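Structural features, examined
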Amino acid sequence: MLNNIEENFIFEFLEDFPEPDLFSIALNITKHNITPSNRQDALKIICLHSTCVETVLEKRKITKSYLSQFLHKNHIPITDSWDKPALIRKVIEHWNIKNPLASIKSESNLDHVQNASSSGNPYNDNIQSQIPDHNSSQEYYYQLARQFSDWYYTLINDENLSNLGPEHFFTDSRMKLELQDRHSTDVTEATNSTDIVQALRDVKLRYNFKFLPNLNPDAIRYNADIHGQVMVMVGGTLHTNASQVVGLFEQMFLLIRDPSDNNNWKVKNSKVMLRSSNAIEQAPAQASSALELYS
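Scope of this entry: the structure provided in the associated data block. The structure displayed is predicted, hence computed values, not measured ones.

**Section: the side chain of Ser 68**
In this structure, Ser 68 sits in helix α5 (residues 64–73). Looking at Ser 68, the relative accessible area reads 19%, which means it is buried. A distance of 2.8 Å separates the side chain of Ser 68 from the backbone oxygen of Lys 64, its partner in a polar contact. Among all residues touching Ser 68, those that are not within four sequence positions of it are Ile 78 and Leu 87.

**Description of the pattern of salt bridges**
What the rule picks out here adds up to 7 salt bridges. One salt bridge connects Asp 172 with Lys 268, and the closest N-O pair in it is separated by 3.9 Å. Of this pair, Asp 172 sits in strand β1 (residues 169–180) while Lys 268 sits in strand β7 (residues 264–276), and the two are 96 residues apart along the sequence. Residue classification places Asp 172 among the partly exposed residues on the basis of a relative accessible area of 46%. Here the salt bridges share partners, and the residues they tie into one network are Asp 258, Asp 261 and Lys 266.

**Some thoughts on unusual backbone geometry**
A positive phi angle is found at Lys 31, which is not glycine, with a value near 55 degrees. Its location among the elements puts Lys 31 in the loop between α2 (19–29) and α3 (39–49). The phi angle at Asn 262 is positive, at roughly 60 degrees, despite the residue not being glycine. Residue position: Asn 262 is located in the loop between β6 (245–258) and β7.

**A short note on the nonpolar core**
In this structure, Tyr 152, Leu 200, Phe 253 and Leu 274 are the most contacted members of the largest nonpolar core, which totals 39 residues. Looking at this core, the elements that each hand over two or more residues are α7 (134–157), β1, α8 (193–207), β5 (230–239), β6 and β7. Top element by residues in this core is α7. It accounts for 11 residues. Setting aside anything within four residues of it in sequence, one finds Phe 253 in contact with Phe 148, Tyr 152, Tyr 153, Val 230, Met 231, Val 232, Val 234, Val 267, Asn 269 and Ser 270. Within the second largest apolar cluster, 31 residues are counted, among which are Ala 42, Ile 45, Phe 70 and Ile 92.

Definitions and cut-offs
Residues numbered from 1 in each chain as written. Predicted model: local features only at pLDDT ≥ 70, side-chain atom pairs only at ≥ 80, totals over all residues. Heavy atoms only, no water. Helix = DSSP H or I, 4+ residues; strand = E, 2+ residues; numbered from the N terminus. Buried < 20%, exposed > 50% of the residue type's maximum accessible area, 1.4 Å probe, protein only. Polar contact = N/O pair within 3.5 Å; in protein donor to acceptor, adjacent residues only side chain to side chain. Contact = heavy atoms within 4.5 Å. Salt bridge = Lys/Arg side-chain N within 4 Å of Asp/Glu carboxyl O. Core = buried A, V, L, I, M, F, W, Y, C linked by side-chain atoms within 4.5 Å.

Below you can see the structure in the form of structure tokens.
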């Protein structure tokens with residue numbers, strides 16, 4: 001049986017799938033014991049009686065052509081040398097990059113960041129005795145930090161903030177937001193998930209900022225402790241719809257997995273510093289970032 005995250009993926013992935021082939025997959029999975037009555041019923045049967053996403057994607061009816069079309073629709077480049085397993089890897093990788101807080105666990109280590117063993121990989125809930133080597137662990141946490149940052153600022157840059165909700169934060173999470181210009185600093189503090197979302201909406205409504213994060217490997221800062229907490233710090237430039245650079249930003253996130261929500265990553269604390277262009281004397285050096293862990 002697929003979990004809610006995997007069900008969401010299957011429903012999106014099979015959105016354009018031909019109905020006769022969809023029925024065929026549902027019949028194949030249940031060994032012709034359950035006949036779907038309609039498209040929605042077929043999808044529910046597939047999700048209920050499948051053990052993992054990969055067993056669905058590996059079905060003969062899901063062809064290389066359909067996998068390629070899905071990637072093309074989502075603006076993911078492919079090469080003609082890829083076989084079906086490579087296309088499946090790319091489809092799951094795309095989902096996990098787009099939804100880093102709701103990633104699909106891979107039964108055969110398909111995710112490109114799963115070079116680390118399970119104990120070093122927070123996307124995987126199984127506990128094993130192996131400990132990942134230093135290099136693979138560092139690569140994993142960089143990929144986590146990068147994917148999370150890309151996902152988060154995509155939400156923030158949405159004109160209506162339609163997908164930014166309190167469900168991405170712990171209910172008791174906190175955020176400190178500082179807006180600086182040359183003469184003053186305006187500080188807003190929020191102490192729960194609802195107030196955090198409202199504060200972000202207020203800033204968006206007032207200033208209409210566009211955030212352009214610097215996601216280069218030497219720019220993102222990240223760290224993880226033995227308790228499973230992950231700190232991510234990212235900086236970038238602030239823009240407006242008038243194609244103007246209006247300032248710089250730095251933001252720190254403390255990420256923790258939520259066991260009550262499929263072990264998805266959520267924001268526990270955050271601190272944001274927005275600096276207007278007239279407050280900038282020189283380009284900021286990340287090593288001298290003004291942000292510290294907000295605890």
